[in-house]
Every structure is written in C-alpha cells, then in structure tokens.
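# Structural overview for review
Each chain, letter by letter, is given below.
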Amino acid sequence: MERTYLMIKPDAVQRGLIGEIVSRFEKKGFKLVAMKFLRLTKEMAEKHYAEHVGKPFFAGLVEYIISGPVVAMCWEGKDVVAVSREMMGATNPAKAAPGTIRGTFAVDIGRNVIHGSDSPESAERELAIYFDSCEFVEWDRSVQAWIVE
Ligand code: DAT
Ligand code: MG
C-alpha cells in the first residue's frame, strides 16, 4: 500500500491546528503508520528542502520550518500521495480551493501549515529523513474493509 510523508508545520502547531489536520486524514480513511513531535535541525531542514536550494525563498523557508516544533507523520492508503496533496490544496493558500487544508486555514505561501510529498519517490526519500524503519507501526485498521473494496 502507498505511503506518504505529511508534516504539520510550525505555524499550524502554534495555532492549535494539529488535531484538526490529523482528523481530516483519519476521517478520510487513511492509516497512520508513524508519528513524532520534533523540532527540525537546520541540517534536517536543508535535507528536506534540498530541491529548493538556491531559490530566493530558501533561507526564509528553512528559518520558518525550524522556528518551532512540527508533527512528522507517515500515512498509508490507496493513492495517498496524490489524494493528500488534493486535500492540502495549492502551495499558495490564495490559490488553494476552499475546503482544502490550505484553503481553509492559511493565507500566505510562507505560512501554509502543511507539507506533503509530491510523489511516491519523494515520500520514500522524505520518510527516511524522519523515521527509522523500526518506527513504522504494522497494524490493521479494523474498518479497512469499509474503506477500500
Ligand atoms: P509544496 O509545499 O506544495 O510541495 P514546493 O515544494 O514547491 O511546494 O515548495 C516548498 C515550500 O516552499 C512551500 O510549501 C512554500 C515555499 N515556497 C514555494 N514557492 C515559494 C515562493 N515562490 N515564495 C515563497 N515561498 C515559497
Ligand atoms: Mg514540495
């Protein structure tokens, strides 16, 4: 089953949105496989955002993502990478559809409350930054048969 890396960013933690955001993925029918509350080091942030090195917003992005604790998560489910990106909404909250996480809770591209992997390959790379293989919990969600045919 497909997995993705989702991260509740420091602004959302500060604003008390952890439960609200986790709840959306739970209710959707995805399965939580790993979760931790941590503050990123600068090294972790630079590794996470390696694809953006050299862009004008890179320094500010790193400063923001290490400015407070985040919630790092692995979620599993059918097409979870693409579907969770849809649930998050566009990178710029001003363009994010109403009802999406960014469309509902954010207004600024530099404070867009959540990160989600953009492909299964990115998910694998990102998950390895945050979790050891032993930290992925193997469990059966008892309602699974009511979620996927
Ligand atoms: P996403 O987070 O939707 O995958 P991304 O990978 O293109 O978007 O960029 C990573 C983060 O960097 C994004 O969540 C917010 C920030 N960012 C991207 N483009 C930006 C820009 N033009 N100005 C300021 N911040 C930007
Ligand atoms: Mg991205």
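About the cut-offs
Residues numbered from 1 in each chain as written. Chains lettered and ligands numbered in written order. Predicted model: local features only at pLDDT ≥ 70, side-chain atom pairs only at ≥ 80, totals over all residues. Heavy atoms only, no water. Buried < 20%, exposed > 50% of the residue type's maximum accessible area, 1.4 Å probe, protein only. Helix = DSSP H or I, 4+ residues; strand = E, 2+ residues; numbered from the N terminus. Pairing = 2+ DSSP bridges. Axes fitted to C-alpha atoms, helices over the stretch in contact; angles between N-to-C directions. Contact = heavy atoms within 4.5 Å.

### So, the pairing of strand β3 (residues 70–76)
For β3, the tally of buried residues reaches seven of seven residues, placing the bulk of the element in the interior. Residues V70, A72, C74 and E76 of β3 are buried on one face, and the alternating residues V71, M73 and W75, pointing to the opposite face, are buried as well. Both strand β1 (residues 3–8) and β3 contribute to a ladder of six bridges, which runs antiparallel. Along β3, the bridge assignment pairs R3 with E76. Relative to β3, strand β2 (residues 31–38) runs antiparallel, the two sharing seven bridges. Bridge pairing in β3 links K31 to E76.

### Some points on the sheet that holds β2
Here we have four strands laid out as an open sheet, ordered β2-β3-β1-β4, and antiparallel in their pairing. The strands lining the two open edges of the sheet, one partner per strand, are β2 and β4 (114–116). With direction set aside, neighbouring strand axes in the sheet form an average angle of 15 degrees. When β1 meets β4, the two strands line up antiparallel, connected through three bridges. Within the sheet, the bridge partner assigned to I8 lies in β4 and is I114. Here helix α2 (residues 18–28) sits on the sheet and contacts β1, β2, β3 and β4; the angle it forms with β3, its principal contact strand, is near 5 degrees. Sheet strands touched by helix α5 (residues 80–88): β1, β3 and β4. Its angle to β1, the strand with the most contacts, is close to 25 degrees.

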